[in-house]
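# Structure at a glance
Spelled out from the first residue to the last, the chains are:
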Amino acid sequence: MKILITGANGMLAKSVKNKLFGNELICTDVEDLDITNLEDVRSFKNKINPNYIINCAAYTAVDKAEEQKDLAEKVNAIGPLNLAIVSKECNAKFIHISTDYVFNGNLDTNKVYLETDLTDPVTVYGFTKDLGEKNVINNCDNYYILRTAWLYGDGNNFVRTMLKFGKEKEEVSVVSDQHGSPTYAEDLADIIKQIIEKQIPYGLYHTTNTGFTTWYDFTKKIYELEKIDCKVNPVSSEEFVRPAKRPKNSKLSKDKILSQGIYIPSWEDGLKRYLEVERR
Ligand SMILES: NC(=O)c1ccc[n+]([C@@H]2O[C@H](COP(=O)([O-])OP(=O)(O)OC[C@H]3O[C@@H](n4cnc5c(N)ncnc54)[C@H](OP(=O)(O)O)[C@@H]3O)[C@@H](O)[C@H]2O)c1
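## Some words on the site of the ligand
If you check the shell around the ligand, you find 26 residues, and the closest are Gly7, Gly10, Leu12, Ala57 and Ala58. At the level of elements, helix H1 (11-19), helix H3 (69-89) and strand E4 (93-99) are the ones that each hand at least two residues to the shell around the ligand. Across the shell around the ligand, the residue classes tally to 13 nonpolar, 10 polar and three charged.

## Points about the pairing of E4
Among the seven residues that make up E4, seven are buried, leaving the element largely enclosed by the rest of the structure. Neither face of E4 is exposed, since Lys93, Ile95, Ile97 and Thr99 on one face and Phe94, His96 and Ser98 on the opposite face are all buried. With four bridges connecting them, strand E3 (residues 52-55) and E4 associate as parallel partners. Following the sheet pairing, Asn55 is matched in E4 by His96. Where the polypeptide runs from E3 across H3 and back to E4, its parallel neighbour, the crossover connection is right-handed.

## Structural notes on the packing of H3 against helix H4 (residues 124-139)
Relative orientation of the contacting elements H3 and H4 amounts to 15°, with a least axis distance of 8 Å. Here H3 lies roughly parallel to H4, going by the angle between them. In terms of crossing hand, the pair formed by H3 and H4 is right-handed. Residues Lys69, Ala72, Glu73, Asn76, Ala77, Pro80, Leu81, Ala84, Ile85 and Lys88 of H3 touch H4, and the partners they reach there are Val124, Tyr125, Thr128, Lys129, Leu131, Gly132, Asn135, Val136 and Asn139.

## What to know about the sheet that holds strand E1 (residues 2-6)
The strand order across the open sheet built from six strands is E2-E1-E3-E4-E5-E10, with neighbouring strands paired in parallel fashion. Strands at the two margins of the open sheet, each flanked by one partner only, are strand E2 (24-28) and strand E10 (203-206). Along the sheet, successive strands turn relative to each other by an average axial angle of 20°, direction set aside. Where E1 and E3 come together, four bridges link them in parallel fashion.

## A closer look at the environment of Met1
Within the fold, Met1 resides in the segment before E1. Residue Met1 is classed as partly exposed on the basis of its C-beta count, with 13 C-beta atoms lying within 10 Å.

Criteria and thresholds
- Residues numbered from 1 in each chain as written.
- Predicted model: local features only at pLDDT ≥ 70, side-chain atom pairs only at ≥ 80, totals over all residues.
- Near = placed C-beta within 6 Å.
- Helix = DSSP H or I, 4+ residues; strand = E, 2+ residues; numbered from the N terminus.
- Nonpolar A, V, L, I, M, F, W, Y, C, P; charged D, E, K, R; others polar.
- Buried ≥ 20, exposed ≤ 12 C-beta atoms within 10 Å, placed from the backbone.
- Pairing = 2+ DSSP bridges.
- Right-handed = clockwise from strand over helix to strand, strands pointing away.
- Axes fitted to C-alpha atoms, helices over the stretch in contact; angles between N-to-C directions.
- Parallel < 35°, antiparallel > 145°, perpendicular 65-115°, else oblique.
- Left-handed = near helix turned anticlockwise from the far one by under 90°.
- Contact = placed C-beta atoms within 7 Å.

See the structure below:
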């Protein structure tokens, strides 16, 4: 299987490359292939003629995006548009990664978001990712859009930050009213591998680790597992204002993907395995 992976130096892409080892992988970052340039994307596609395109490239600086709308839109909306167009041209299957930020996050936290729920982004990042999804849906047929959330892996992420703080500080304050599923990049990469192997029906799927928590309880779990003696103080979103509003409810239902026989570990299980790797 010939697979093009874009954004190949990014956090998720590193795990995808590991999981798909054994296939013919063509891995590109922005220096090799800028996904915002249709002619470059097309001529690259003509050269390699892939069976799959996996788009791990994105503009992911959620706060900075509020001031860099044009760049965020180019990467998160035009990039996937270009990749959707060329995957249709060469009959490749297109796997595109999206986010919980396509929702406004105001759903009651006792409820979960379904793939059929209407999107309503409230941040520039969310708006551009939502546009990216629509561009994929409207420009190719053989697509998988995988919405994920709270991703951590081999790159800067929340777990690494909290481990650092836990060793340096006596107490930390963490938001306790935002709910979601921490997702280990290795587990999302494994979901991608299973999708390719099982060839499940095309479409939009929510793909995070299973189970839900808050950033506060997630932090407490990290410290418990690492035996870090640092007090965790719960704070509200209102006390911890950021340039881009964070969704209070990022709970994505996994029923659709699970019903296709895809195995997904719990977020606690993913965290335990990640910490083992980080300890080495
Ligand atoms: N991280 C999260 O918590 C999270 C949550 C939900 C969804 N997601 C989604 O998951 C996916 C993977 O995220 P990630 O955290 O792995 O992202 P990441 O680590 O920020 O990696 C993105 C990669 O894309 C590259 N890139 C940027 N502009 C490009 C362009 N024009 N052409 C080609 N490559 C370009 C970046 O290169 P440079 O570094 O050189 O710019 C970087 O290597 C994204 O679609 C993201 O929206 C992430």
